[in-house]
Amino acid sequence: MFAYIVRRLLYAIPILIGVNLLTFYLFFVVNSPDDMARMHLGMKRVTPEAIEKWKASHGYDKPLLLNSEADALDKVTDTIFFEKSLKLFVFDFGYSDDGRDISFDIGQRMMPSLAIAIPSLIIGLMVNITFALLMAFFRGTYIDVSGVILCVVLMSISAMFYIIGGQFLLAKSFRLMPISGFDSGLDALKFIVLPVVIGVVSGIGSGARWYRTFFLEEAGKDYVRTARAKGLSESLVLFRHILRNALIPIVTGVVVLLPLLFMGSLLLESFFAIPGLGSYTIDAINNQDFAIVRVMVFLGSVLYIIGLILVDITYTIVDPRVRLT
Amino acid sequence: MMPVLLWTDALIFMLTAVVIIFVIYARSKPHLRTPWYRVFRGRIAAASVVVLLAFIVVGLLDSLHFRLQLEDNGNSDATHYSVAVLSVLDVMLGPVRTQVEKTYSAPFATHLFARETIEREDGTKLRAYPRLQYGGRHLPASGEGKGRDILQRSLLALVEALLAGTIILYATAALLGRRSGRSSRRMRQLIIARQTMLPWRTIIVTGTFILLLVFLAVNLASAFHVLGTDKVGQDVFYQTLKSIRTGLLIGTLTTLIMLPFAIFMGIVAGYARGWTDDVVQYIYTTLNSIPGVLLIAASILMLQVYIANHPEYFETTVERADIRLLFLCIILGITSWTGLCRLLRGEALKLREAEYIQAATSFGVAHGKIITRHILPNVMHVVLITVVLDFSGLVLAEAVLSYVGVGVDPTMNSWGNMINSARLEMAREPVVWWSLFSAFLFMFVLVLAANLFSDAVRDAFDPRTRER
């Protein structure tokens, strides 16, 4: 098991290098730092001096890969590639294009993101499983059929409509809670409720339908027939046998998402003005802050790979039939 | 008139041609025909196909672009063309496109939505809702008799639609009757009693309903702004219709672009195994590990920088928007091909152990031939299911990306841009709801139809669900 995890971690290194090279290529080779400077300073009538100054102040004035003017080791280290890309590996994120410490910002913004993401995940999971169980219990009847149709209808609505509609109905018309914003400590609770509710509702359609197929798949297996043949009641079969086995794919599907919860939800956070990492990313995209986008790309892939490793470990825990070699 | 062939137009027409050729080809092959019959036998699937076809027709009409010739000013011999690129749909909608009001007006309104100070002839000033320039122009200044006018026009549309529906019923019955050797009258009875192989009654009813909407639009949109106007007074109904093309393009071109890569890499990885497999797996894990939105954002930001620095390559704003749309499709394709590639790799791994492939190998059939002859046809159902399933997700993704600011060009009509602007409108008092509502309605119908259709396709083609 331990050896397996170590091997998986080693396997992650070439992937991260690949991500790093790709982002480097996208951000520095496809468009030169000159282009970026011009974009930031406004397109018209930019003097070459202004461009040079902008580049120097943001550390983009070095050569890309090889600094032939520096001595010895500095030939390699005093370059954009080393300064901007390789340092990501030791989680040295540097400064954003408007001069803020990215690591500090990320630390600050992680908690609000989690405050939304974790309740949405847990409540969403429970709601989806409940609905899916209901449909599986009444499978083949009108309840099941209309449930599936309802799921397809819910799935066909864009997440944007859930957010705008929810904000409009619950916050603006009924005035049940504030439209958007955030606060520290327990005061944050009233700001969290609406995004969580909307996050859960918008996920019901696809979630419940997807879980239903897991339940139905298990329901068709031999051990279920055996359980019924023994005379167990349908609800006992459902909860004791089907639910437990169907939870394996559900749990592993959730575990892969766990690390990515840190990244926050782009839509929810920016609509509800929650100072999390999701809105941080969106702001960076809108302000064309390349430094932050680059860091978030790297962070996202690190978290994704952690998620993949976690899934493999969870498999061995929840399903004794799986052995890692 | 100078025809303009945008990149996306060329691709969409190519795609249409391929689909038509495939349909003609599949009709003659029983093994291809049967699963499709299974798809269309379902009433829900048949109805959603009709709805999808209506969307596709609008999208195709909107893809025939041209530039009008400018009036000759006599200075030079060369003919000049307007920089505005129009489509056939623009011409068909004619007045709806050009009748621009001052600012917001509600659906079917005769007056502007906001009060303005009007100076009367005697010099006194008055705060009132000004009369619209075009909406309900034929009505008296007070807007009286609007309800009756709308009712009249709607009834006319209803009569027209019923007439058209009857004609369709007779024509279908005559055609089907001739093919099966029955009388046209007998065939009509069969259709109405729903005793035909394909659910013709559902198809005709859905078609008639769509025609009703078309006639309603024709009768009402020429006189009113049926879905209101937006901030700069543009007709929202026109914008929504124009957005259909954007949505369809994103949904189809993305998969079209990624398909060759995914099929080739997936099958080769699964078939060849060894280091090829490792390389392919490495590529898709790396691409997959980057959060999709961020990769798209990074690429689109880079494209923006590129377009801003090279304005000379793009003659019109439409061409610039088109390149951005195409690029968005490519990027979405790059982020979404990995799923299909992994599925195909798994299929190919399984298939290469199958007996008929082993037999082909031992006969000494070349690898390339085994892949094209034996493996490719046997994984096509996976490809088809993925393509159809991805479509609705991509249409929805467009809205989100446009909101994030990395979607289609802001000058382009798209549901994402409409929703984006609707955000501020919903905060107004009283609420301007019609932009959001129209985007919601059209998008919902398209995505719902696509979802229902894709379910039917999956059930018909997936061997696992078929047994159940």
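Within every chain, residues take consecutive numbers counted from 1 along the sequence as written. All chains are assigned letters beginning at A, and all ligands numbers beginning at 1, according to the order in which they are written. Whole-chain, interface and lining totals are the exception, using all residues; otherwise, since this is a predicted model, local features are given only for residues with pLDDT of at least 70 and side-chain atom pairs are given and counted only at 80 or more. Hydrogens and waters are ignored; side-chain quantities use all the structure's heavy atoms.

Engineer: Could you clarify how one ought to interpret the overall build of chain B in this entry?
Structural biologist: Strands are runs of DSSP state E lasting at least 2 residues, helices are runs of H or I lasting at least 4, and numbering of each runs from the N terminus. Each helix and strand counted, chain B has 17 helices and five strands in total. Summarising its shape, the C-alpha atoms of chain B cover approximately 100 × 65 × 55 Å along the three principal directions. Relative accessible area decides the class of each residue, using a 1.4 Å probe on protein chains only: under 20% of the type maximum gives buried, over 50% gives exposed, and in between gives partly exposed. Within chain B, the proportion of its 468 residues that are buried is 49%. Taking as baseline every contact in chain B between residues at least 6 positions apart, the subset at least 24 positions apart corresponds to 71%. Under the convention used here, a 1.4 Å probe and the Shrake-Rupley method define accessible areas, while residue burial counts only the protein chains that appear. When the accessible area of chain B is evaluated, it comes to approximately 23400 Å², of which 64% is carbon and sulfur surface. Averaged over its 44 positive side-chain charges, chain B has a centre that lies 13 Å from the centre of its 34 negative ones. By definition in these notes, contact holds between two residues if any of their heavy atoms fall within 4.5 Å. Charge assignment in this entry is limited to Lys and Arg as positive and Asp and Glu as negative, and neither His nor the chain termini are counted. Note that the charge is assigned to NZ on lysines, CZ on arginines, CG on aspartates and CD on glutamates.

Engineer: What's the story with the pattern of salt bridges in this structure? I'm lost.
Structural biologist: Pairing between side chains of opposite charge can happen when the charged atoms of each approach one another. Counted as salt bridges are all cases of a side-chain nitrogen of Lys or Arg within 4 Å of a carboxyl oxygen of Asp or Glu. Going through the model one piece at a time under the given rule, you end up with 16 salt bridges over all chains. A salt bridge links A:Lys221 to A:Glu218, with the nearest nitrogen and oxygen atoms 3.3 Å apart. Using a relative accessible area of 11% as the deciding quantity, one classes A:Glu218 as buried. With a closest N to O distance of 2.6 Å, B:Asp277 and B:Arg345 form a salt bridge. Here B:Arg345 lies in helix H12 (residues 317–351) and B:Asp277 lies in helix H10 (residues 274–289), a separation of 68 residues in the sequence. For the pair formed by B:Asp277 and B:Arg345, the shared burial category is buried. In the salt-bridge network here, residues are joined through shared partners; they are A:Arg139, A:Arg228 and A:Glu234.

Engineer: So what exactly am I meant to see when it comes to the domain arrangement of chain B here?
Structural biologist: It is common to give the size of an interface as the accessible area lost on bringing the parts into contact. Under the domain assignment used here, chain B contains domain 1 (139–221) and domain 2 (235–467). Just so you know, the domain bounds were taken from an automatic or database domain assignment. Of note, the centres of domain 1 of chain B and domain 2 of chain B, computed from C-alpha atoms alone, are 35 Å apart.

Engineer: What am I meant to see in helix H3 (residues 48–58) of chain A here?
Structural biologist: Counting along an α-helix, one turn takes 3.6 residues, and residues three or four places apart therefore face a common direction. All names here are of chain A. Those residues of H3 that sit buried are Ile51, Trp54, Lys55 and His58. In an axial view of H3, the angular spread of the buried residues amounts to 95°, which keeps them on one side of the axis. For H3, the exposed residues set more than 90 degrees away from the buried face come down to Glu49, Lys53 and Ser57. The positive-phi residue at the C-terminal boundary of H3 is Gly59, with phi of around 75°. Think of it as the arc spanned by the lines of direction from the helix axis to the C-beta atoms.

Engineer: Is there a simple way to explain the nonpolar core in this structure?
Structural biologist: Only buried residues count toward a nonpolar core. Its members are Ala, Val, Leu, Ile, Met, Phe, Trp, Tyr and Cys residues joined through side-chain atoms within 4.5 Å. Counting residues in hydrophobic clusters, the biggest one holds 174 residues, and the most contacted among them are A:Ile106, B:Val39, B:Trp415 and B:Ile419. Two domains each provide a minimum of three residues to this core, namely domain 1 (139–221) and domain 2 (235–467) of chain B. A:Ile129, A:Ala136, A:Leu216 and A:Val237 belong to the second-largest nonpolar core, a separate cluster that totals 18 residues.

Engineer: Would you explain the interface of chain B and chain A in this entry?
Structural biologist: The interface is formed by 47 residues belonging to chain B together with 45 residues belonging to chain A. Values labelled buried area give the accessible surface lost by two parts on being combined, using a 1.4 Å probe and summing over both. Interface area lost by chain B to chain A is led by B:Leu294, B:Met302 and B:Tyr403, which between them contribute 15%. The partner of B:Asp455 in a salt bridge is A:Arg209, with the nearest N and O atoms 2.7 Å apart. Two N or O atoms count as a polar contact when they lie within 3.5 Å, although within protein this holds only if one can serve as hydrogen donor and the other as acceptor, and sequence-adjacent residues are included solely when both atoms are side-chain atoms. Across the contact surface, chain B and chain A share six residue pairs in polar contact (both at pLDDT 80 or more). Of all elements in the fold, only H10, helix H11 (292–309), helix H14 (367–404), helix H15 (415–426) and helix H16 (434–461) of chain B reach the threshold of two or more residues within the side of chain B that touches chain A. The element that contributes the greatest number of residues to the side of chain B that touches chain A is H11(B), accounting for 13 residues.

Engineer: What's the story with the pairing of strand E5 (residues 125–128) of chain B in this structure? I'm lost.
Structural biologist: On a regular strand, each side chain points to the face opposite its neighbour's, so the side chains alternate between the two faces of the sheet. Residues and elements named next belong to chain B. Alignment of strand E4 (residues 116–119) against E5, held across four bridges, turns out to be antiparallel. Of the residues in E5, the one forming a bridge with Thr117 is Arg127. Taking the residues between adjacent antiparallel strands as the criterion, E4 and E5 are bridged by five residues, where Gly123 takes a positive phi near 95°. DSSP bridges decide pairing: two strands pair if at least two such bridges lie between them.

Engineer: Would you mind going over a nonpolar patch on the surface with me for this structure?
Structural biologist: Residues and elements named next belong to chain A. The grouping of Phe2, Val6, Leu10, Ile13, Ile17, Leu21, Leu86, Phe89 and Val90 at the surface amounts to a nonpolar patch, some 820 Å² of accessible area in total. When you line up the elements, Leu21 lands in helix H1 (residues 2–29). Leu21 sits in the partly exposed class, given a relative accessible area of 45%. Two joining distances apply to patches: 9 Å for like charges and 5 Å for nonpolar side chains (Val, Leu, Ile, Met, Phe, Trp, Tyr), and every residue must have over 30% relative accessible area and no salt bridge.

Engineer: What should I look at first to understand the packing of helix H8 (residues 159–173) of chain A against helix H9 (residues 189–219) of chain A in this one?
Structural biologist: How two helices sit against one another is set out by the angle between their axes and by the gap between those axes. Residue and element names in this part refer to chain A. Interaxial distance between H8 and H9 falls to 10 Å at its minimum, and their mutual angle equals 135°. It follows from the interaxial angle that H8 and H9 lie oblique. H9 is crossed by H8, and the crossing has right-handed handedness. On H9, the residues that touch Tyr162, Ile163, Gly166, Gln167, Leu170 and Ala171 of H8 are Leu194, Ile198, Val201 and Ser202. Polarity classes work like this: nonpolar for Ala, Val, Leu, Ile, Met, Phe, Trp, Tyr, Cys and Pro, charged for Asp, Glu, Lys and Arg, and polar for all others, with Gly in that last group. Of the residues in the contact of H8 with H9, the class split is seven nonpolar, three polar and no charged. Here an angle of 0 to 180 degrees is reported between the N-to-C directions of two axes, which are lines fitted to C-alpha atoms, with helices fitted over the stretch in contact. Should an angle fall under 35 degrees it is taken as roughly parallel, and over 145 as roughly antiparallel, whereas 65 to 115 is taken as roughly perpendicular and any remaining angle as oblique. Each crossing is labelled by how the near helix is turned from the far one, with a counterclockwise turn of less than a right angle marking it left-handed and a clockwise turn marking it right-handed.

Engineer: What is the right way to read the environment of B:Pro95 from this model?
Structural biologist: With respect to the helices and strands, the residue B:Pro95 is situated in helix H5 (residues 95–98). In this structure, the C-alpha to C-alpha distance between B:Pro95 and B:Ala221, residues 126 residues apart in sequence, is 8.9 Å.

Engineer: I tried to follow the sheet that holds strand E1 (residues 2–4) of chain B on my own but got confused; where do I start?
Structural biologist: Strand pairing within a sheet occurs via backbone hydrogen bonds; the two strands may be parallel or antiparallel. Residues and elements named next belong to chain B. Strand order in the open sheet formed by three strands is E1-E2-E3, with antiparallel pairing between adjacent strands. Across the chains shown, the open sheet's two edge strands, defined by having one partner strand only, are E1 and strand E3 (81–87). Geometrically, the sheet is characterised by an average inter-axis angle of 35° between neighbouring strands, direction not taken into account. Pairing geometry for strand E2 (residues 65–69) and E3, over four bridges, is antiparallel.

Engineer: So what exactly am I meant to see when it comes to the environment of B:Leu211 here?
Structural biologist: Relative to the helices and strands, B:Leu211 resides in helix H8 (residues 200–221). Considered as a pair, B:Leu211 and B:Gly346 are 135 residues apart in the sequence and their alpha carbons are 45 Å apart.

Engineer: Explain the packing of aromatic side chains here, please?
Structural biologist: Both the distance between ring centres and the angle between the ring planes are used here to describe each pair of aromatic rings. Two aromatic rings, drawn from Phe, Tyr or Trp (for Trp, its six-membered ring), form a pair once their centres lie within 6.5 Å of each other, and the interplanar angle then sorts them: stacked below 30 degrees, edge-to-face above 60, tilted otherwise. The final tally for this structure, using the stated rule, is 11 aromatic pairs over all chains. With 4.9 Å between their ring centres and 80° between their planes, A:Phe161 and B:Phe440 make a pair best called edge-to-face. Of this pair, A:Phe161 sits in helix H8 while B:Phe440 sits in helix H16, placing the two residues on different chains. Under the relative-accessibility criterion, A:Phe161 is labelled buried at 9%. Classification of B:Phe440 as partly exposed rests on a relative accessible area of 25%. Ring geometry for B:Trp433 and B:Trp434: centres 5.6 Å apart, planes at 80°, overall edge-to-face. Here a set of aromatic residues connected by ring pairs shows up, and it is made of A:Phe161, B:Phe440 and B:Phe444. Think of it as a cone above the ring: NZ of Lys or CZ of Arg counts as a charge over the ring if it is within 6 Å of the ring centre and within 35 degrees of the ring normal. Note that B:Arg352 overlies the ring of B:Tyr271, its terminal NZ or CZ placed 5.7 Å from the centroid.

Engineer: Would you explain the confidence of the model for chain A in this entry?
Structural biologist: Any residue range with low pLDDT should be treated as having predicted coordinates unsuitable for detailed reading. Each residue carries a pLDDT value, the predictor's own confidence for that position, ranging from 0 to 100. Mean pLDDT for chain A: 82, with 92% of residues reaching 70 or above. When the elements of chain A are averaged for pLDDT, helix H4 (residues 74–77) of chain A gives the smallest value, 64, and helix H7 (residues 142–155) of chain A the largest, 91.

Engineer: When you look at the packing of helix H11 (residues 234–255) of chain A against helix H14 (residues 290–318) of chain A in this model, what are you seeing that I'm missing?
Structural biologist: All names here are of chain A. Look at H11 against H14: their axes get within 9 Å of each other, and the N-to-C directions meet at 155°. On the basis of the axis angle, H11 is roughly antiparallel to H14. Crossing of H11 against H14: the hand is right-handed. Counting all contacts with H11, which are made through Ile248, Val251, Thr252 and Val255, the residues of H14 involved are Leu310, Val311, Thr314, Tyr315 and Val318.

Engineer: Looking at this structure, how should I read H8(B)?
Structural biologist: Residues and elements named next belong to chain B. Helix span, expected: 1.5 Å multiplied by one less than the number of residues in the helix. End to end, H8 covers 31 Å across 22 residues, agreeing with the expected 32 Å (1.5 Å per residue, within 8%). Three or more residues of H8 are buried, namely Thr202, Ile204, Thr206, Gly207, Thr208, Ile210, Leu212, Asn219, Leu220 and Ala221. Where H8 is buried, its residues touch helix H3 (43–61), H5, helix H6 (146–180), helix H7 (184–192) and helix H9 (236–272).

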